[in-house]
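Notes for the structure review
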Amino acid sequence: MTASVGYDPEQENKKIIRISVRNLVEFVMRGGDIDNRRTSGAEKDAMQAGSRIHRKIQRRMGADYHAEVSMKHVVEEEHYQILIEGRADGVMEHASEVVIDEIKGMYMELSLLQEPITVHLAQAMCYGYFYCCDHGLPEIGIQITYCNIETEEIRRFRVDRTFEELDEWFAGLIHEYIKWAEYLYRHELRRDESLKALEFPYEYREGQRELAVAVYRSILRGKNLFIQAPTGIGKTLSTVFPALKAIGEGYGEKLFYLTAKTITRSVAEECFALLRDRNLYFSTVTVTAKEKLCPMEKTECNPDACPYAKGHFDRVNDAVYDLIHQETGITRDVVLTYARQYQVCPFEFCLDISNWVDGVICDYNYVFDPNAKLKRYFSDGVSGDYLFLVDEAHNLVNRAREMYSAILVKEDFLTVKRILKGKAPKTERLLERCNRNLLEMKRESESYQVLSEIHLFAANLMSLFGELETLMEAEKEFADRDAVLDFYFAVRHFLNMFEELDDHYRIYAELGADGKFRLKLFCIDPSRCLESCLEKGRGCVFFSATLLPIRYYKRLLSGNEEDYAVYAHSPFRSGNRMLLIGSDVSSRYTRRNRGEFAKIVEYIRVLASSHRGNYLVFFPSYQYMEAVERQLEESCDGSFLWRMQDTHMTEAEREDFLADFEKERKVSFVGLCVLGGIFSEGIDLKAERLEGAVIVGTGLPMVCTEQEILKMYFEEQGENGYDYAYQFPGMNKVLQAAGRVIRTSEDRGVILLLDDRFLRPEVQGMFPREWSEYGEVNRRTVGGWLERFWKGEN
């Protein structure tokens with residue numbers, strides 16, 4: 001449920017609280033348990049396929065049938081109005097009667113429906129009431145049309161209601177919502193007053209005011225903005241503050257602060273807390289992953305396994321109402337405290353809280369991922385005056401590709417077939433039919449094959465999905481049901497992404513090194529999919545310390561190279577940083593041998609000996625790192641200590657690794673890490689905790705099927721495919737790792753790039769402006785450069 005507040009232009013001082021018909025009925029009428037054993041096929045519209053069925057049915061209905069009829073109704077209160085709005089799927093205006101038609105597409109067998117689902121009927125009744133009010137009708141017909149997406153079978157339920165019946169029913173419905181509307185009205189009055197009085201909490205650093213002005217102007221104009229800003233300029237505060245001021249002036253109703261990592265969510269929380277200390281009244285909730293919120297040993301969301309799931313919807317509204325009157329900075333710990341008090345599911349509770357706060361701090365996937373996005377804000381037909389701040393936006397390219405791609409594994413069809421043996425003969429036959437389709441593809445693919453179409457397989461898969469839908473609804477318990485449920489979700493996602501297929505995708509099949517055969521819908525350019533979410537808001541600010549080249553990110557994130565862009569200059573003294581490039585070493589595959597590894601060891605030894613401190617060395621792979629570490633052990637002379645990053649480190653192990661940078665030592669300490677890994681971005685080691693970084697190699701991704709498909713795709717688009725597939729992603733990893741060194745105006749440090757390819761003009765063309773000056777060194781000369789830097793002679 002989401003609502004917003006605005007002003008009535010005809011009644012200048014009267015606020016309007018907007019809410020959609022669907023959100024109103026789902027919020028007021030919900031109750032009972034959470035039960036994830038249901039596939040929800042009977043309760044939720046199927047995604048894009050459902051929209052297609054809507055249009056198909058509407059076209060068949062004749063001249064008296066009016067499709068997608070916008071309706072709204074105003075409820076007058078003393079200080080504000082409640083505006084309920086939505087679109088009726090159809091209105092049939094016959095000579096003798098008028099009928100409202102609500103269409104729902106689903107995969108389940110329609111014979112299982114004995115009556116219309118309550119919230120579907122309630123939506124249609126709202127539209128019936130609005131129509132009667134607008135046209136003075138004494139009665140109206142209400143029809144719910146269900147259509148099976150696979151078979152296109154239709155089942156209709158029809159009821160008739162008098163205006164008096166609808167009027168009484170709607171009065172009861174809106175009565176349940178009044179106290180929430182009252183909260184919104186009073187909360188937003190106080191919020192807007194505080195926003196107008198809010199001042200920037202510090203003296204602006206160099207370039208920070210210009211950055212804040214650029215954000216404010218882009219929001220006012222409803223434009224997207226890309227910001228390349230070096231670490232330490234204060235990007236979070238410089239984007240949050242102008243966004244808040246814009247909301248205070250009426251240019252936005254809800255702020256989404258989107259991040260890729262937990263640590264950047266903490267930075268956002270701290271930013272809002274800082275401004276609250278300066279009298280900001282602005283509520284935020286941090287949405288945390290279900291697994292990190294669940295109080296149970298195993299995440300089983302059903303009333304038999306979880307006491308928080310049982311009766312959740314009977315208690316959750318009271319929990320939300322209490323919390324929003326007591327808290328403004330709603331963190332994970334706050335959510336857990338209230339969830340325990342009211343015995344509600346913390347995750348679902350957290351999502352409901354988001355409806356009533358001013359800002360949402362969350363991972364990218366809650367806005368963009370088709371399976372995880374907050375449908376209350378971003379489903380079809382829903383939009384608002386949202387503002388999006390996308391932190392560390394360079395991460396969004398690969399994350400979005402993952403979200404909008406889909407993969408199925410041939411062997412999984414056989415596994416599910418074995419699990420269901422004897423339980424569902426029709427499902428077994430369809431599993432085998434899909435398996436045969438994949439087998440034919442496998443026979444034609446020695447390694448991988450790009451396919452032009454898969455229509456036959458998709459048709460068979462849709463039939464299979466319909467059977468799985470029915471099976472999972474009917475059978476709540478059987479051996480290995482979780483494996484079948486995971487397969488069901490994979491099939492559903494594949495079908496949904498199949499509906500999205502266009503020129504931004506490539507379909508390919510591949511026989512993996514593990515012997516498994518995979519079919520993938522590979523989203524290469526996710527800009528259209530991302531834009532479909534962004535267009536539901538007012539504007540988006542993408543910002544990062546490594547958003548270069550900006551044209552690359554514009555193309556893949558918004559698809560509009562005319563979007564605004566700002567390059568913020570570093571406020572730090574250039575003399576605090578020494579950039580060196582080693583000309584006598586390379587990480588090329590053909591030169592990965594003991595001789596090259598020995599050169600890397602020598603560079604590390606010289607750096608660690610030049611100045612007692614902490615350093616990080618980033619390697620192109622675990623294998624490369626382990627090879628260098630072996631030579632470190634062979635040549636160890638005790639002049640410095642080191643520790644190597646392990647594979648699959650737990651959160652506690654990561655914290656322990658970083659804690660080594662806090663210790664006082666008599667010799668230097670060197671951390672050995674993988675470039676692009678968990679320690680190459682998102683960690684904040686200030687001052688003497690980190691005084692230098694060595695980056696081995698240019699960060700190029702390994703040559704593999706997907707990188708080659710990316711390369712071919714962009715070449716077909718007239719671009720330099722090698723740049724898009726290899727150079728740009730590689731340089732981003734280098735810049736991120738280098739950004740660990742200078743975090744504040746007091747920091748001093750060394751960045752040592754070890755690969756002669758960094759001397760190439762095409763590579764240096766991707767350097768940030770701050771890297772315009774560098775020293776070219778080799779093993780003989782690097783010591784002298786370092787000595788002069790640490791003495792302050794550079």
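Given the structure is predicted, the values throughout are model-derived calculations rather than measurements. (Residues numbered from 1 in each chain as written. Predicted model: local features only at pLDDT ≥ 70, side-chain atom pairs only at ≥ 80, totals over all residues. Heavy atoms only, no water.)

1. Describing the environment of Arg577
- Along the chain, Arg577 turns up in strand S20 (residues 577-582).
- In sequence terms Arg577 and Tyr321 are 256 residues apart; their C-alpha atoms lie 52 Å from each other. (Helix = DSSP H or I, 4+ residues; strand = E, 2+ residues; numbered from the N terminus.)

2. Considerations on the pattern of salt bridges
- If you walk through the whole model with that rule in mind, you get 44 salt bridges.
- In this structure, the salt-bridge partner of Glu561 is Arg551, at a minimum N-O distance of 3.3 Å. Taken together, the residues Glu561 in the loop between helix H20 (550-558) and strand S19 (564-567) and Arg551 in helix H20 connect sequence positions ten residues apart.
- For Arg643, the salt bridge goes to Asp660, with nearest N and O atoms at 2.8 Å. Of this pair, Arg643 sits in strand S22 (residues 640-644) while Asp660 sits in the loop between helix H23 (651-659) and strand S23 (668-674); the two residues are 17 residues apart in sequence, bridging distant segments of the chain.
- In this structure Arg643 comes out as partly exposed when scored by relative accessible area, which is 22%. (Salt bridge = Lys/Arg side-chain N within 4 Å of Asp/Glu carboxyl O. Buried < 20%, exposed > 50% of the residue type's maximum accessible area, 1.4 Å probe, protein only.)

3. Considering the sheet that holds strand S10 (residues 284-286)
- Pairing in this open sheet of eight strands is parallel, and the strands run S11-S10-S12-S9-S13-S18-S8-S19 from one edge to the other. Two strands bound the open sheet, and with one partner strand each, they are strand S11 (329-330) and S19.
- As defined by bridge partners, strand S8 (residues 225-228) adjoins S19 across four bridges and the pair is classed as parallel. For Leu225, the partnering residue across the bridge sits in S19 and is Tyr564. (Pairing = 2+ DSSP bridges.)

4. Some remarks on the sheet that holds strand S17 (residues 517-523)
- Pairing is antiparallel across the open sheet formed by four strands, whose spatial order is S14-S17-S16-S15. Looking along the sheet, the strands with just one partner apiece sit at the ends: strand S14 (406-409) and strand S15 (448-451). Across this sheet, the average inter-strand angle for adjacent strands is 20°, counted without regard to direction.
- Pairing of strand S16 (residues 505-511) with S17 involves seven bridges; the strand directions are antiparallel. Across the sheet, the residue bridging to Glu510 is Arg518, located in S17. (Axes fitted to C-alpha atoms, helices over the stretch in contact; angles between N-to-C directions.)

5. Re the nonpolar core
- In this structure, Tyr177, Phe349, Phe368, Tyr404 and Phe457 are the most contacted members of the largest nonpolar core, which totals 191 residues.
- Among the elements that make up this core, the one with the highest residue count is helix H3 (residues 118-135) (eleven residues). (Core = buried A, V, L, I, M, F, W, Y, C linked by side-chain atoms within 4.5 Å.)

6. Observations concerning helix H6 (residues 235-248)
- For H6, which comprises 14 residues, the first-to-last C-alpha distance of 20 Å matches the rise-based estimate of 20 Å (1.5 Å per residue) to within 8%.
- Where burial is concerned, most of H6 is hidden: 14 out of the 14 residues are buried.
- Phi for Gly250, located one or two positions after H6, is positive at around 90°. (Expected span 1.5 Å × (residues − 1).)

7. Some points on the confidence of the model for the protein chain
- In the predicted model, the protein chain carries a mean pLDDT of 91, and the fraction of residues at 70 or more is 96%.
- Between residues 40-48, whose pLDDT stays under 50, and residues either more than four places distant or in other chains, the model counts 24 contacts. (pLDDT = per-residue confidence, 0-100. Contact = heavy atoms within 4.5 Å.)

8. Notes on the packing of helix H4 (residues 163-197) against helix H9 (residues 312-326)
- At a closest axis distance of 12 Å, the pairing of H4 and H9 adopts a crossing angle of 20°. Here H4 is positioned roughly parallel relative to H9, judged by the angle of their axes. Considering only the axes of H4 and H9, their crossing is left-handed. Judged by residue contacts, Lys179, Trp180 and Tyr183 of H4 engage Asn317, Val320, Tyr321, Ile324 and His325 from H9. (Parallel < 35°, antiparallel > 145°, perpendicular 65-115°, else oblique. Left-handed = near helix turned anticlockwise from the far one by under 90°.)

9. Considering helix H21 (residues 594-610)
- Helix length check: H21, at 17 residues, gives a terminal C-alpha distance of 24 Å against a target of 24 Å (1.5 Å per residue), a fit within 8%.
- Listed as buried for H21 are Glu596, Phe597, Lys599, Ile600, Val601, Tyr603, Ile604, Val606, Leu607 and Ala608.
- The opening residue of H21 is Asn593, an N-cap whose side-chain oxygen sits 3.0 Å from the backbone nitrogen of Gly595. (Polar contact = N/O pair within 3.5 Å; in protein donor to acceptor, adjacent residues only side chain to side chain.)

10. Regarding the side chain of Ser445
- Of note, Ser445 is situated in the loop between helix H16 (425-443) and S15.
- Beyond its immediate sequence surroundings of up to four residues, Ser445 is in contact with Ala509 and Phe517.

11. A short note on the environment of Ile683
- Following the sequence through the fold, Ile683 ends up in the loop between S23 and strand S24 (692-696).
- For the pair Ile683 and Arg740, spaced 57 residues apart in sequence, the C-alpha separation works out to 7.1 Å.
- Discounting chain neighbours no more than four positions away, the residues touching Ile683 are Ile263, Leu616, Leu658, Ile678, Arg740 and Arg743.

12. Concerning unusual backbone geometry
- A cis amide bond, omega -5°, links Leu548 with the succeeding residue Pro549.
- Here Pro549 lies in the loop between strand S18 (539-544) and H20.
- We note that Gln343 has phi near 50°; this positive angle belongs to a residue other than glycine.
- Position of Gln343 among the secondary structure elements: in the loop between helix H10 (332-342) and helix H11 (346-353).
- The phi dihedral of His648 is positive, around 55°, even though this residue is not glycine.
- Tracing the sequence through the fold places His648 in the loop between S22 and H23.

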